[in-house]
Amino acid sequence: MTANDNLTYAYMLGVQVPGVPPQFLRASSKNRHRAWAGMGVIKYDRVGECIYCGGKWGKLTDEHIVPYGLGGNWILPESSCERCAKITSQTEFEVLRKQLIQVRARLDLPSRKSSLPIEMPLTVQLGDEAKTFFLPKAQHPTLAVFLLYPLPGVLGGNSPERGINVIGHQLYRVGGPPVKETVESLGSKKLTFTQKFVGNEFERMLAKIAFGFAVAQLGLDAVRLSRLRATILGKEDDAGRWVGTGAYHPPASTMLHEVKLFEGGGWLFAKVRLLASMRTPEYIVVILEGDPAYRPELFHGGPLEKVELPGTLTSKIEVEDRVKRKG
Ligand SMILES: [Zn+2]
């Protein structure tokens, strides 16, 4: 028997691509959830304390496991204190209102606060100058970039002292007309796509999704010792220890997002894929550390593979170097 035989598949949660009825899949008989029929909402049992700091006093707010702004409707009732909610909503603000704002507008994902843009910028090269056009959604080739990392440091992935190492990125066209056609219609031959990543907000959001799902499925007691909590709250600048990329280019999913939990050899980790239907990378988030000698296949990433887009595009990824660096 190999170590792999001990690795138990635990749970999977996914939301299907828009237009298809939401579906909830789970492999376990643990019955901790109640599905709200027809609304795609899953409300888990009330937690009654803050899952991040353990606080039980004051007003406890409901947590969305995958942010509501990404179409996540899985709720952990009374599970965050106001102070921690303020920290985690700042993380989500950075990712949802800045990094993924165009993607959200393109996919008609929900928005609780201000409305999503109806015109979106596109920068093309005209002669020696870069010029930015604002195009209606229907005419805008919407792009998204996902960063690639080594495996989480605790799985042997070379984490830096602080932050996380970035070893590459993958660029996706989320929708809209082809890039080449649009660029040519603007009298140009080259589009420049720039995405700025500030701090480790995206990685902290992945950590929060993984941790929230583990609490929902296994209960808070099972993950109370997780050091991921300090990462989520920004008390530790150590995202690279716990977060990394598994498969760079896994097959397209029928789900918009996927969150899976795995356990074995004392390890508990999640695989998180956002926009999984586009063949986006699969991120691994370690929730609990296990036996270092235990090395299941599941920890290994695939070969680095680029997703090709039409040839008129250059991408520029700006990564703030305080916490991330290009490897
Ligand atoms: Zn708290």
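Since we're looking at a predicted model, the values are computed, not measured.

Description of the overall build of the chain
(1) Moving on: Looking only at helices and strands, one finds seven helices and 17 strands in the chain.
(2) Moving on: Going through the 327 residues of the chain one by one, you find that 42% of them count as buried.
(3) Moving on: For the chain, contacts bridging at least 24 residues in sequence account for 69% of all contacts bridging at least 6.

A few points about the nonpolar core
Most often, soluble globular proteins keep nonpolar side chains buried together rather than apart.
(1) Moving on: The biggest cluster of nonpolar side chains holds 67 residues, and the ones touching the most others in it are Leu206, Ala207, Ala210, Ala214, Ala270, Val285 and Ile287.
(2) Moving on: Looking at this core element by element, the count peaks at twelve residues for helix H4 (residues 201-218).
(3) Moving on: Excluding its chain neighbours within four sequence positions, the residues that come into contact with Ala270 are Ala210, Phe213, Ala214, Val259, Lys260, Leu261, Val285 and Ile287.
(4) Moving on: Leu116, Val124, Val183 and Leu191 belong to the second largest nonpolar core, which has seven residues in total.

Focus on unusual backbone geometry
Trans is the common state for peptide bonds, and a negative phi is the common state for residues other than glycine.
(1) Moving on: Positive phi, close to 45°, is recorded for Glu78, a residue that is not glycine.
(2) Moving on: Position of Glu78 relative to the elements: it lies in strand S5 (residues 74-81).
(3) Moving on: In this structure Glu78 comes out as partly exposed when scored by C-beta crowding, with 18 C-beta atoms within 10 Å.
(4) Moving on: Even without glycine at this site, Leu275 takes up a positive phi of about 55°.

Observations regarding the environment of Gly265
(1) Moving on: Among the structural elements, Gly265 can be located in the loop between strand S13 (255-264) and strand S14 (267-274).
(2) Moving on: Classification of Gly265 by C-beta neighbours within 10 Å gives partly exposed; the count is 16.
(3) Moving on: Through-space distance from the C-alpha of Gly265 to that of Ala293 is 8.8 Å; in sequence the pair is 28 residues apart.

A few points about the environment of Arg241
(1) Moving on: Looking at the secondary structure, you find Arg241 in helix H7 (residues 239-242).
(2) Moving on: The sequence separation of Arg241 and Asn158 amounts to 83 residues, and the corresponding C-alpha distance is 8.1 Å.
(3) Moving on: Beyond its immediate sequence surroundings of up to four residues, Arg241 is in contact with Pro152, Gly153, Val154 and Ser159.

Brief notes about the environment of Met255
(1) Moving on: Along the chain, the position of Met255 falls in strand S13.
(2) Moving on: The spatial distance from the C-alpha of Met255 to the C-alpha of Arg273 is 9.3 Å, given a sequence separation of 18 residues.

With respect to H4
(1) Moving on: With 18 residues, H4 should reach 26 Å at 1.5 Å per residue; the first-to-last C-alpha distance of 25 Å fits that figure.
(2) Moving on: Most of H4 sits inside the fold, with 18 of its 18 residues counted as buried.

A word on the packing of helix H1 (residues 82-99) against H4
(1) Moving on: Their axes nearest at 9 Å, the elements H1 and H4 cross at an angle of 120°. One element, H1, and the other, H4, form an angle in the oblique class. Crossing of H1 over H4 shows left-handed handedness. Facing Thr88, Thr91, Glu92, Glu94, Val95 and Gln99 of H1, the residues of H4 in contact are Glu201, Phe202, Arg204, Met205 and Lys208.

What to know about the confidence of the model for the chain
(1) Moving on: For the chain, mean pLDDT is 79; residues scoring 70 or higher make up 77% of the total.
(2) Moving on: For the chain, per-element mean pLDDT is lowest for strand S2 (residues 33-36), which scores 31, and highest for helix H6 (residues 228-232), which scores 97.
(3) Moving on: Throughout residues 17-39 the model reports pLDDT below 50, and contacts reaching past four residues in sequence, or to other chains, amount to 31 contacts.
(4) Moving on: This stretch, residues 303-311, has a pLDDT under 50; its non-local contacts, to residues over four places away or in other chains, come to 16 contacts.

Section: H1
(1) Moving on: In a regular helix each residue adds 1.5 Å, so 18 residues correspond to 26 Å; H1 covers 25 Å between its end C-alpha atoms and thus fits that length.
(2) Moving on: Of all bends in H1, the biggest is about 25°, found at Glu92.
(3) Moving on: Looking at H1, one finds that the buried residues are Cys84, Thr88, Thr91, Val95 and Leu96.
(4) Moving on: Where H1 is buried, its residues meet S5, helix H2 (101-106), H4 and H6.

About the criteria used
Residues numbered from 1 in each chain as written. Predicted model: local features only at pLDDT ≥ 70, side-chain atom pairs only at ≥ 80, totals over all residues. Helix = DSSP H or I, 4+ residues; strand = E, 2+ residues; numbered from the N terminus. Buried ≥ 20, exposed ≤ 12 C-beta atoms within 10 Å, placed from the backbone. Contact = placed C-beta atoms within 7 Å. Core = buried A, V, L, I, M, F, W, Y, C linked by C-beta atoms within 7 Å. Expected span 1.5 Å × (residues − 1). Axes fitted to C-alpha atoms, helices over the stretch in contact; angles between N-to-C directions. Parallel < 35°, antiparallel > 145°, perpendicular 65-115°, else oblique. Left-handed = near helix turned anticlockwise from the far one by under 90°. pLDDT = per-residue confidence, 0-100. Bend = angle between axes of the 7 residues up to and from the residue.

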